[in-house]
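So the chains spell out like this:
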Amino acid sequence: MLKAIKKWWRAAAAGLAAGILNGLFGSGGGMAAVPVLKKSGLSLKEAHATSVLIMAVLSVLSAYLYLSTGRLSLEEAAAFIPGGIVGGVLGSLLFTKIKAGTLKKIFGRRKNFNRAGGEMSMAGFLVGAISGICSAMGVGGGSILLLYLMAFEGCDQLSAQGINLVFFLPTALCAIIVHLKNGYVKWRSALASVIFGVPGVFLGSYIVGAADKELLRTLFAVFLLFVGVRELFGKK
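### Here's the deal with the packing of aromatic side chains
Applying the stated criterion across every chain, the model contains six aromatic pairs. Here Trp8 and Phe196 contribute two aromatic rings whose centre-to-centre distance is 5.7 Å and whose plane-to-plane angle is 80°, an arrangement assigned as edge-to-face. Here Trp8 is found in helix α1 (residues 2-25), whereas its partner Phe196 is found in helix α10 (residues 187-210), with 188 residues between them in sequence. Residue classification places Phe196 among the partly exposed positions, given a relative accessible area of 25%. An angle of 35° between the planes, with centres 5.9 Å apart, marks the rings of Tyr148 and Phe152 as tilted. Here Tyr148 and its partner Phe152 are both found in helix α8 (residues 141-152), four residues apart, which amounts to about one turn of the helix. Judged by its relative accessible area of 1%, Tyr148 is buried. Here the aromatic cluster, defined as three or more aromatic residues joined through ring pairs, consists of Trp8, Trp9 and Phe196.

Laid out in structure tokens, this is it:
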């Protein structure tokens, strides 16, 4: 009984952290949720797959808040969705084939992209596909898309975060269908995470509205640095 309670509260803590990051940065929630879900007793694949479901639910709320406050352009987000859907399907199928040890090595690695050699639509498709593959496996696809949008498409951070939230929804849906079919999603952990993640989203969104843009960029950079250091030097 005590073990079950501890597992539930760890899932709740994962949801709260994921919700705050999702509302604050429009991404990054999975990177916070997966390690905590693993500590709650889920296997590596179960933690990654369950985090996709958690982040999909929380992203619906975050996207609504971004849209209602004028931080989100659906038209700009649409350019990345086709590639994201393809990537979501490929990523979730690949997820079922790779070993947990390989997935652990992948987790935390990031890539940079440039626009050379293609039109905007092709670049959007390719970046969306790569981000979708990573998102389906719970390894930071949102951060890849955010960095691309800010570094190479001239998007301000808030607009990029809104685009990423909308992009993630159809990508996650494709991945969730496959993860459910393979039995990787753990509903009890997901429910506890979502319940506590909702207030986290509101808190993160509130901070976004109150924070200076430069401070927000600094916080995002510090978060990515922290994740990178954790993956390089944390316990394997």
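Text resumes after the structure shown.
### Section: α10
Over its 24 residues, α10 runs 34 Å from end to end, which matches the ideal 34 Å to within 8%, given 1.5 Å per residue. Taken together, the buried positions of α10 are Ser189, Ala190, Ala192, Ser193, Val194, Gly197, Gly200, Val201, Gly204, Ser205 and Val208.

### Some words on the confidence of the model for the protein chain
Looking at the protein chain as a whole, its pLDDT mean stands at 81, while 85% of the residues score no less than 70. When pLDDT is averaged over each helix and strand of the protein chain, the minimum, 57, is found for helix α6 (residues 100-106) and the maximum, 93, for α10. The low-confidence segment residues 108-120 (pLDDT under 50) makes 20 contacts with residues lying over four places distant or belonging to another chain.

### Considering the side chain of Ser51
Looking at where Ser51 falls in the secondary structure, it is placed in helix α3 (residues 44-68). On the basis of relative accessible area, Ser51 is assigned to the buried category, the value being 2%. Every residue in contact with Ser51, bar those within four places of it in the chain, is listed here: Ala33, Val34 and Leu37.

Definitions and cut-offs
- Residues numbered from 1 in each chain as written.
- Predicted model: local features only at pLDDT ≥ 70, side-chain atom pairs only at ≥ 80, totals over all residues.
- Heavy atoms only, no water.
- Phe/Tyr/Trp six-rings, centres within 6.5 Å; stacked < 30°, edge-to-face > 60°.
- Helix = DSSP H or I, 4+ residues; strand = E, 2+ residues; numbered from the N terminus.
- Buried < 20%, exposed > 50% of the residue type's maximum accessible area, 1.4 Å probe, protein only.
- Expected span 1.5 Å × (residues − 1).
- pLDDT = per-residue confidence, 0-100.
- Contact = heavy atoms within 4.5 Å.

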